[in-house]
Amino acid sequence: MNLKLLRETIHMILIQQKRPVVPGAGIIVVRKFNNKWKVLGLKKGDVYDIPKGGIDPGESELHTALRETNEEAGLANLKFTWGTEALTLDHLQMYIAETVQDPVILKNPHSGIYEHHAAEWFSWDDIAGKVYPYLRPAIIWAR
């Protein structure tokens, strides 16, 4: 990680500490293309996100991550090749799973709006520079 990305990450972590914390969970989704792992990024404005969202009452972190990944990217065929141990990232529980599916951007089932505008597969280095800075530690962990 270069110095600029490190500074941005630290800055975003400090900003996040001042916001109300809503517990959530998500999955860093990977897929092999020509023997190389690619990471799913969901376009949101000028930045990319990963499938994640808030935990509903009575829902486990893993169930939340699975539900959000299905709701936001249309992915249900997920394999937890590296297990289901999560990374705790501030208020988020982050998992890593692989898929063979193509993502599909769907409307939020509750609000009826699109939360993301596109889905793309990125190299590890590329996604680290495109996601919200507070998510970069999760990308590094998953790699």
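This text goes with the structure placed above it.
Anyway, here's the lowdown on the structure attached to this text. (Residues numbered from 1 in each chain as written. Predicted model: local features only at pLDDT ≥ 70, side-chain atom pairs only at ≥ 80, totals over all residues. Heavy atoms only, no water.)

**What about the pairing of strand β1 (residues 24–33)?**
Operational definition: Accessible area is worked out with a 1.4 Å probe on protein chains only. A residue is then buried under 20% of its type maximum, exposed over 50%, and partly exposed in between. Counting from the N terminus, the helices are the DSSP runs of H or I reaching at least four residues and the strands are the DSSP runs of E reaching at least two. By this definition, two strands are paired if DSSP reports at least two bridges between them.
Counting buried positions over the 10 residues of β1 gives 8, a clear majority of the element. As paired elements, β1 and strand β4 (residues 52–54) share 3 bridges and run antiparallel to each other. Within β4, the residue paired with glycine 26 across the bridge is lysine 52. As paired strands, β1 and strand β6 (residues 92–98) are joined by 7 bridges and run parallel to one another. Bridging across to β6, isoleucine 27 finds its partner in tyrosine 95. Judged from the 4 bridges that link them, β1 and strand β2 (residues 36–44) form a sheet pairing that is antiparallel. Note on β2: the bridge partner recorded for lysine 32 is tryptophan 37. Taken together, β1 and the strand that follows it, β2, pair antiparallel across an intervening segment of 2 residues, in which asparagine 34 is found at a positive phi of about 50°.

**Overview of the pairing of β2**
Where β2 and strand β7 (residues 118–122) come together, 5 bridges link them in antiparallel fashion. Within β7, the residue paired with leucine 42 across the bridge is alanine 119. As defined by bridge partners, β2 adjoins strand β3 (residues 47–49) across 3 bridges and the pair is classed as antiparallel. Directly across from lysine 44, in β3, lies its bridge partner valine 47. The turn joining β2 and β3, which pair antiparallel and follow one another in sequence, is formed by 2 residues; a positive phi near 70° is taken by glycine 45.

**Quick notes on the nonpolar core**
Short version of the rule: For our purposes a nonpolar core is just a set of buried Ala, Val, Leu, Ile, Met, Phe, Trp, Tyr and Cys residues, chained together by side-chain atoms within 4.5 Å. In this description, contact between two residues means that some pair of their heavy atoms is separated by no more than 4.5 Å.
The biggest cluster of nonpolar side chains holds 20 residues, and the ones touching the most others in it are Ile28, Met94 and Ile139. Those elements that provide at least two residues to this core are β1, β5 (87–89), β6, α3 (124–130) and α4 (136–142). Apart from residues no more than four positions distant in its own chain, isoleucine 139 is found in contact with Ile28, Val39, Ile50, Trp124, Ile127, Ala128 and Val131. Grouped together as the second largest cluster of nonpolar side chains are 13 residues, Ile27, Leu42, Leu75 and Tyr95 included.

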